[in-house]
Amino acid sequence: MKAILTTIGKDQVGIIAGVSHFLAEKEINILDVSQTIMDGYFTMMMMVEIKNEDADFTVLSEELEKLGTKLGVEIKIRCEEIYHAMHQL
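From a predicted model like this one, the values you see are computed outputs, not experimental measurements.

### So, the nonpolar core
Then comes step 1: Counting residues in each nonpolar core, the largest one holds 19 residues, and the members touching the most others are Leu5, Val19, Leu23, Leu64 and Ile77.
Then comes step 2: Listed by contribution, the elements that provide at least two residues to this core are strand E1 (2-10), helix H1 (15-25), strand E3 (41-50), helix H2 (57-71) and strand E4 (74-79).
Then comes step 3: A total of five residues in this core trace back to one element, the largest contributor, which is E3.
Then comes step 4: Sequence-distant contacts of Leu64, defined by excluding residues within four places in its chain, comprise Leu5, Phe22, Ile75 and Ile77.

This is the structure we're talking about:
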């Protein structure tokens, strides 16, 4: 399953490392990434692939939310299918 992961918050050292390390531990592959800093705020979007079909998306989302709190940013993950559905309307 593919998903879109967004990370937004005040720029600081370690955000990319923290998110990437988490994803590597969960064996989630980063397919594409875009990041920038706008007026001191870090923004990153990732297309990721979750190969474990049994992965609990709700638990993953909660774990990323906790990671975001630890890193001082907001991290959200959404299934790619949601974006496809939004553009079908």
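### Considering the pattern of salt bridges
Opposite charge on two side chains permits them to pair, given that their charged atoms come into close proximity.
Then comes step 1: The tally for this structure, following the rule as stated, stands at one salt bridge.
Then comes step 2: Here Glu63 ties to Lys26 by a salt bridge, and the two come within 3.0 Å at their closest N and O atoms. Taken together, the residues span a long stretch of sequence, with Glu63 in helix H2 and Lys26 in the loop between H1 and strand E2 (28-38) at a distance of 37 residues.
Then comes step 3: Lys26 gets classed as partly exposed once you look at its relative accessible area, which sits at 38%.

What counts and how
Residues numbered from 1 in each chain as written. Predicted model: local features only at pLDDT ≥ 70, side-chain atom pairs only at ≥ 80, totals over all residues. Heavy atoms only, no water. Core = buried A, V, L, I, M, F, W, Y, C linked by side-chain atoms within 4.5 Å. Buried < 20%, exposed > 50% of the residue type's maximum accessible area, 1.4 Å probe, protein only. Helix = DSSP H or I, 4+ residues; strand = E, 2+ residues; numbered from the N terminus. Contact = heavy atoms within 4.5 Å. Salt bridge = Lys/Arg side-chain N within 4 Å of Asp/Glu carboxyl O.

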